Amino acid sequence: MLQIPADDTVYLDPIRQPRYAGNEARYSTDEHLYPHARSGGLDHLINDDLIRKRVELETKEWVDVLKKRPELDFGCDFSVFDGDDWLMLIMSQPSFAERCDLSVLDGKDRFGESRWKCLLRWQPQFADKCSFNDFTGDDWQELLELQPQFAEHCDWETLSGKNWTWLLREQPQFADHCDWDKVKGAESSDVSYMLEQQPQLISWCDVSTFDGSDWRDLIQKQPELAKWCEWTKVGASEFVDIISKSPGLATSKMWPVLTGEQWVKLLLAQPRFAERCDWVKLNGQDWERLLSRCPQFGEKCAWEKLSGWDWSWLLIAQPQLSGHCDWEMLSGKDWVKLLTDCPRFSEKCNWSILSENDWKRLLEVQPQFEKYHVLRDVDNDCSYYDVYVCFDRSRTAAI
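Residues numbered from 1 in each chain as written. Predicted model: local features only at pLDDT ≥ 70, side-chain atom pairs only at ≥ 80, totals over all residues. Heavy atoms only, no water.

## Considering the packing of helix α15 (residues 308-317) against helix α16 (residues 332-341)
Okay, so step 1: Between α15 and α16, whose axes approach to 8 Å, the crossing angle comes to 5°. With respect to α16, the axis of α15 lies roughly parallel. Between α15 and α16, the contacting residues are Gly308, Trp309, Ser312, Trp313, Leu315 and Ile316 on the first element and Lys333, Asp334, Lys337, Leu338 and Asp341 on the second.
Okay, so step 2: Taken together, the residues of the contact of α15 with α16 break down into 5 nonpolar, 2 polar and 4 charged. (Axes fitted to C-alpha atoms, helices over the stretch in contact; angles between N-to-C directions. Helix = DSSP H or I, 4+ residues; strand = E, 2+ residues; numbered from the N terminus. Parallel < 35°, antiparallel > 145°, perpendicular 65-115°, else oblique. Contact = heavy atoms within 4.5 Å. Nonpolar A, V, L, I, M, F, W, Y, C, P; charged D, E, K, R; others polar.)

Have a look at this one:
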């Protein structure tokens, strides 16, 4: 906890932080010191006088202060720092290492990570103080990814197949040290992930375990590896994803199994395959999605498949196709959607089918249509009648 000076000196509070003293005090809504340390607010919050008054901070708060303002170290009691505190401080301000017995970094931090591994990834100059004895395969993988010069200290036997796939993705020069039998036991997705970055390693790998999604992810990044692909494992969805990016890999064996939705996805990416398309497979929603972006395929469309909702979306995107529309298919909800975004079609609207809820939604956006508003009400005898409201709403005509 903080010990607050009795006078009007500017001070810190971990919850509310006055930036000025006396009657001009204004409070920050930050819950603790760290956001100020990151944003540069420490210049307003901490000064030499404050430290000399021995304001007591938690060790983690001191770490955040010293990372930003190392010159304020004269107020800090480093004897209470634990291994995690020293780790975070030295990673940011390595000059403080001379005050630390670096043996305190031995072991794991509160997240179960090797402190030495974390430090050496960013401050490799301290390697001569590290024994490396307790490094696991995960530690070596993460360290060598950024600092490959420490390979001479590595116990390669500690690395698992997963460790190897991730390490070789970043540092393929270690392939000669790799136990490829371990890589065979790794998840196929990890091996595929490695090959996306290092395709030259495929001859070392067992790709017989790859499924369709593995091949899709790999070939999308490295199409030249398609010659290794066992295409019988690639499904229609993966096939569409592959040839959308690499149309040269298309094979006629897959055309018959594509669904309407998959044909739309493919044609949006590669319109060249239109001549292969089985148009009968496309439903109304498929046609709406396709024609909204590729209206040139309208000549192939079975217009009767489109619902009113499909038309409301399609005409917003491609109003020139309105000549094919059966306006009677549109419901009140469909008209609200269409007229909200494309009021030009109001002359086609059958206003009587709009409910009061439809009218409410429409008039919120397009109030000029109020002249067509049909109000439904009930008289004393519970018989229905319509009231057409005029422009100025000063008179009504009951029907």
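## Section: empty space enclosed by the protein
Okay, so step 1: Taken as a whole and assessed by the stated rule, the structure comprises 2 cavities of 30 Å³ or more.
Okay, so step 2: If you go around the second largest cavity, the residues you meet are Val183, Lys184, Ala186, Val191, Asp206 and Thr209.
Okay, so step 3: Tallied by class, residues from the lining of the second largest cavity come to 3 nonpolar, 1 polar and 2 charged. (1 Å grid on protein atoms, 1.4 Å probe; cavity = no way out; pocket = protein on both sides within 12 Å on 5 of 7 lines; lining within 4 Å. Points joined across faces, edges and corners; volume = space filled by probe spheres on them.)

## Some words on the environment of arginine 276
Okay, so step 1: For arginine 276, the location among the structural elements is in the loop between α13 (260-269) and α14 (284-293).
Okay, so step 2: C-alpha separation for the pair arginine 276 and proline 256, spaced 20 residues apart in sequence, amounts to 9.4 Å.
Okay, so step 3: Those residues within four positions of arginine 276 in sequence are excluded, and the remaining contacts are Trp255 and Trp263.

## Some thoughts on the environment of aspartate 241
Okay, so step 1: Tracing the chain through its elements places aspartate 241 in helix α12 (residues 236-245).
Okay, so step 2: For aspartate 241, a relative accessible area of 13% gives the class buried.
Okay, so step 3: As a C-alpha pair, aspartate 241 and arginine 216 span 25 residues in sequence and 7.0 Å in three-dimensional space.
Okay, so step 4: With residues near it in sequence (within four places) discarded, aspartate 241 still touches Arg216, Gln220 and Lys265. (Buried < 20%, exposed > 50% of the residue type's maximum accessible area, 1.4 Å probe, protein only.)

## Comments concerning the side chain of aspartate 334
Okay, so step 1: As for its placement among the helices and strands, aspartate 334 is situated in helix α16.
Okay, so step 2: Here aspartate 334 occupies a buried position and makes no salt bridge, while the nearest side chain of opposite charge, lysine 333, is found at 5.0 Å.
Okay, so step 3: At a separation of 2.8 Å, a polar atom in the side chain of aspartate 334 contacts the main-chain amide nitrogen of serine 331. (Lys, Arg positive; Asp, Glu negative; His and termini not counted. Salt bridge = Lys/Arg side-chain N within 4 Å of Asp/Glu carboxyl O. Polar contact = N/O pair within 3.5 Å; in protein donor to acceptor, adjacent residues only side chain to side chain.)

## Side note on the pattern of salt bridges
Okay, so step 1: Per the stated rule, a full pass over the model turns up 17 salt bridges.
Okay, so step 2: Between arginine 110 and aspartate 84 there is a salt bridge, and its shortest N-O distance comes to 3.5 Å. Taken together, the residues arginine 110 in the loop between α5 (83-92) and α6 (115-122) and aspartate 84 in helix α5 connect sequence positions 26 residues apart.
Okay, so step 3: Between lysine 233 and glutamate 230 there is a salt bridge whose closest N-O contact spans 3.7 Å.

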